[in-house]
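So the chains spell out like this:
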Amino acid sequence: MSTEAPTTSLVEQINAVSAEIDAATLTNAAEAEAFRIRFLGRKSGVVTDLFAKMKEVPGERRKETGQRLNALKQQAQVRLDAARNDLAGSPKSTASDIDLTLPGRVPAPIEPGTLHVLTQTLHAIQNIFQGFGFFVAYGPEIEDDWYNFTALNFPPEHPARDMQDTFFIEAPPPKGRGVVLRTHTSPVQIRVMEREKPPIRVIAPGRVFRNEAISYKSYCLFHQVEGLVVDEGVTFADLKAMLHAFAQAFYGDDVQMRFRPSYFPFTEPSAEVDIWWEDENDPDGGRWMEILGCGMVDPNVLENVGIDSERYTGYAFGMGVERQAMLRHDIPDIRLFYENDVRFLRQF
Ligand code: DAH
């Protein structure tokens, strides 16, 4: 009986201290330090004092009481650590508690972007030609004289070079190598034919550059899609059929188009293609709008890349992406594409 009392009272004291630890407020560094001294202080901490009383506990209860005391000490330590962590501002959550899929906390919602109207137009053109079995090829934006002009049958000094106001990085021959920002995507024709044998059926989309006076209809950079087909027995009828199928897919089945004789050094014969654009405000009810240039690949071009022009023939075409987007969406000024004004871009 005499051994019961102190043990009971030690357990009661442990329970009382445990409740006190739970109830303590630990909202600043001073409170945390006072807590540490009161409960865990080495000399006179409450928990330390309780350990000293262990020697009064009879043998058969020592183990259990010791475990309760250790748990109490741990309880005090856990509360202290948590409070210090909070005060230091470090996260108390573990990595597995963090939900990486939650949206960020920002002052304004982040609006999803959209593809630029030129990219959308390019994809639409590309999809149509890929449906007809064309592969997509790319070439560099910085070209040399051979690819941009000479191999395409623009002889040096030929006035046709003046059709394209060129940004020269290095002067044309004989002074330099004639490094240029490509003025059209036609050099990709040469690059493809150099490395592949017919049958060839590719389109080459990309950015081109011209030293234009900037206005509502001309900009110093724009985009083109080049087309090239080379095989045995390819004729102008194939070219007409393909471009008509394209125009129907892109502008609608009832599109009206015409081929107008033209000149390009790399095609013979050459043509420009117009489509009829209805316009109520026009006294004629509409007008012809040019959409692309095309023609049969000049035999000189085939020979320049080592393709036998007696055996193979081909056709080529090149269209401006901006031009198609302006027609399709009734956009009045080419500069709008490059201003990055979201009020414009959001409409598409
Ligand atoms: N490269 C020409 C230009 O930029 C467009 C062009 C015309 C490309 C006729 C062609 C073509 O492939 O056959 O003005």
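Just so it is clear, the model here is predicted, and its values are computed rather than measured. (Residues numbered from 1 in each chain as written. Predicted model: local features only at pLDDT ≥ 70, side-chain atom pairs only at ≥ 80, totals over all residues. Heavy atoms only, no water.)

Student: Is there a simple way to think about the domain arrangement of the protein chain in this case?
Tutor: Many authors give the size of an interface as the accessible area that is lost as the parts come together. The domains assigned to the protein chain are domain 1 (5-97) and domain 2 (117-345). For domain 1 versus domain 2, the separation of C-alpha centres amounts to 81 Å. (Domains from an automatic or database assignment.)

Student: Just to check I follow, could you spell out the packing of helix α5 (residues 117-131) against helix α8 (residues 236-251) for this structure?
Tutor: Two quantities define a packed helix pair, namely the angle between the helix axes and the distance between the axes. Packing of α5 against α8 brings their axes to within 10 Å, and their N-to-C directions diverge by 135 degrees. Taken as axis vectors, α5 and α8 run oblique relative to one another. The crossing of α5 and α8 is right-handed. Contacts between α5 and α8 involve T121, A124, I125, I128 and F129 from the first element and M242, F246, A249 and F250 from the second. A class-by-class count of the residues in the contact of α5 with α8 yields eight nonpolar, one polar and no charged. (Axes fitted to C-alpha atoms, helices over the stretch in contact; angles between N-to-C directions. Helix = DSSP H or I, 4+ residues; strand = E, 2+ residues; numbered from the N terminus. Parallel < 35°, antiparallel > 145°, perpendicular 65-115°, else oblique. Left-handed = near helix turned anticlockwise from the far one by under 90°. Contact = heavy atoms within 4.5 Å. Nonpolar A, V, L, I, M, F, W, Y, C, P; charged D, E, K, R; others polar.)

Student: What's the story with the packing of helix α2 (residues 29-40) against helix α4 (residues 59-88) in this structure? I'm lost.
Tutor: Across the interface, α2 lies against α4 with an axial gap of 10 Å and an inter-helix angle of 165 degrees. Taken together, the axes of α2 and α4 are roughly antiparallel relative to one another. The interaxial crossing formed by α2 with α4 has left-handed handedness. Seen from α2, the contacting residues are A29, A32, E33, F35, R36, F39 and L40; seen from α4, they are K73, A76, Q77, R79, L80, R84 and L87. Residues that form the contact of α2 with α4 fall into these classes: eight nonpolar, one polar and five charged.

Student: Any chance you could explain the site of the ligand here in plain terms?
Tutor: Around the ligand, the structure places 16 residues, and the nearest of them are H184, S186, R210, Q224 and E226. In the model, a nitrogen atom of the ligand is placed 2.9 Å from a nitrogen or oxygen of the H184 side chain. Taking S186, its side chain carries an N or O atom lying 3.0 Å from a nitrogen atom of the ligand. The protein chains hide 92% of the 350 Å² of surface that the ligand would expose on its own. According to the grid-proximity analysis, the pocket containing the ligand is the largest pocket. Elements represented by at least two residues in the shell around the ligand include exactly β5 (221-231), β8 (286-297) and β9 (313-320). Residues of the shell around the ligand, tallied by class, amount to five nonpolar, nine polar and two charged. (Near = heavy atom within 4 Å. Polar contact = N/O pair within 3.5 Å; in protein donor to acceptor, adjacent residues only side chain to side chain. Areas by Shrake-Rupley, 256 points an atom, 1.4 Å probe, with all protein chains shown as cover. 1 Å grid on protein atoms, 1.4 Å probe; cavity = no way out; pocket = protein on both sides within 12 Å on 5 of 7 lines; lining within 4 Å. Sits in = over half its atoms within 2 Å of the grid points.)

Student: Where do I start with the nonpolar core in this structure?
Tutor: Counting 44 residues, the largest nonpolar core has F129, Y315, F317 and F337 as the members making the most contacts within it. If we ignore the near neighbours within four places in the chain, the residues touching F317 are F129, F134, I203, V225, E226, G227, L243, L292, G293 and C294. Among the nonpolar cores identified, the runner-up in size contains 25 residues, and V202, L228, V297 and V305 belong to it. (Core = buried A, V, L, I, M, F, W, Y, C linked by side-chain atoms within 4.5 Å. Buried < 20%, exposed > 50% of the residue type's maximum accessible area, 1.4 Å probe, protein only.)

Student: Help me understand the pattern of salt bridges in this model?
Tutor: Pairs can form between side chains of opposite charge once their charged atoms are near each other. Under the criterion given, the structure shown has 14 salt bridges. The salt bridge partner of R161 is D145, with a shortest N-O separation of 2.8 Å. Of this pair, R161 sits in the loop between α6 (145-148) and β3 (179-181) while D145 sits in helix α6, placing them 16 residues apart in sequence. The exposure class assigned to D145 is buried, which follows from its relative accessible area of 7%. Its salt-bridge partner being R287, residue D279 comes within 3.1 Å of it at the nearest N-O pair. Relative accessible area serves as the criterion here: at 21%, D279 is assigned to the partly exposed category. Through salt bridges that share partners, R258, R260, E272 and D274 make up one connected network. (Salt bridge = Lys/Arg side-chain N within 4 Å of Asp/Glu carboxyl O.)

Student: Would you mind showing me how to read the environment of G286 here?
Tutor: Among the structural elements, G286 can be located in strand β8. The exposure class of G286 is buried, given its relative accessible area of 3%. Remark: the alpha-carbon pair of G286 and W276, spanning ten residues in sequence, is separated by 6.9 Å. Residue contacts for G286: discarding those within four places in its chain leaves W276, W277, E278 and D279.

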